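What follows is the residue order along each chain.
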Amino acid sequence: MKELVEVIAKSLVDYPEEVEVTEKEDEKSLVIELHVAASDMGKVIGKQGRIAKAIRSVVKAAASKIDKKVIVDIV
C-alpha cells in the first residue's frame, strides 16, 4: 500500500523528492500518511478534494484483499 500511494503522489507533484509516505499498522487498521511539499499540497488534494478522494478509492480497492481498514492521511 505504501508503494502504491508513493507512486501516485510522485506522479502528481512538482517536487517528487519531497514525497514521504509512512505506514502505521495495528490489528484492524492501516494508516498511511502522505507528506508532500507545501507548494504541492493543492495538487495532491485537488479541487474540492477530488484527487484525494480518488487516491483513497484506489487504495481502498487495493486493500480489499488484506481485510483491514485503510486510512490515507494527507499531512
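Quick notes on the rules
Residues numbered from 1 in each chain as written. Predicted model: local features only at pLDDT ≥ 70, side-chain atom pairs only at ≥ 80, totals over all residues. Heavy atoms only, no water. Helix = DSSP H or I, 4+ residues; strand = E, 2+ residues; numbered from the N terminus. Contact = heavy atoms within 4.5 Å. Core = buried A, V, L, I, M, F, W, Y, C linked by side-chain atoms within 4.5 Å. Buried < 20%, exposed > 50% of the residue type's maximum accessible area, 1.4 Å probe, protein only. pLDDT = per-residue confidence, 0-100. Pairing = 2+ DSSP bridges. 1 Å grid on protein atoms, 1.4 Å probe; cavity = no way out; pocket = protein on both sides within 12 Å on 5 of 7 lines; lining within 4 Å. Points joined across faces, edges and corners; volume = space filled by probe spheres on them. Nonpolar A, V, L, I, M, F, W, Y, C, P; charged D, E, K, R; others polar.

**Considerations on the environment of leucine 12**
Then comes step 1: Within the secondary structure, leucine 12 sits in helix α1 (residues 2-12).
Then comes step 2: Residue contacts for leucine 12: discarding those within four places in its chain leaves Lys43, Ile51 and Ile55.

**Re the nonpolar core**
Then comes step 1: Formed by 16 residues in total, the largest nonpolar core has its most connected members in Val19, Ile32, Leu34 and Val59.
Then comes step 2: The set of elements that each furnish at least two residues to this core consists of α1, β2 (29-35), α3 (50-62) and β3 (69-74).
Then comes step 3: Not counting residues within four places of it along the chain, the set of residues in contact with leucine 34 comprises Val5, Ala9, Val19, Glu20, Val21, Val44, Asp73, Ile74 and Val75.

**Here's the deal with the confidence of the model for the protein**
Then comes step 1: Put simply, the protein has an average pLDDT of 94, and 100% of its residues get 70 or more.
Then comes step 2: When mean pLDDT is compared element by element in the protein, helix α2 (residues 41-45) scores highest at 96, while β3 scores lowest at 93.

**Looking at the pairing of strand β1 (residues 20-25)**
Then comes step 1: Bridge count between β1 and β2: six bridges; the pairing is antiparallel. When the bridges of β2 are listed, valine 21 appears paired with leucine 34.
Then comes step 2: Here β1 folds back onto β2 in antiparallel fashion, the turn holding three residues.

**Remarks on the layout of surface pockets**
Then comes step 1: Here the largest pocket defines a volume of roughly 170 Å³.
Then comes step 2: Considering the residues around the largest pocket, the lining is formed by Arg56, Lys60, Ala63, Lys68, Lys69, Val70, Ile71 and Val72.
Then comes step 3: Broken down by element, the residue count for the lining of the largest pocket peaks at four residues, all from β3.
Then comes step 4: Split into classes, the residues belonging to the lining of the largest pocket amount to four nonpolar, no polar and four charged.

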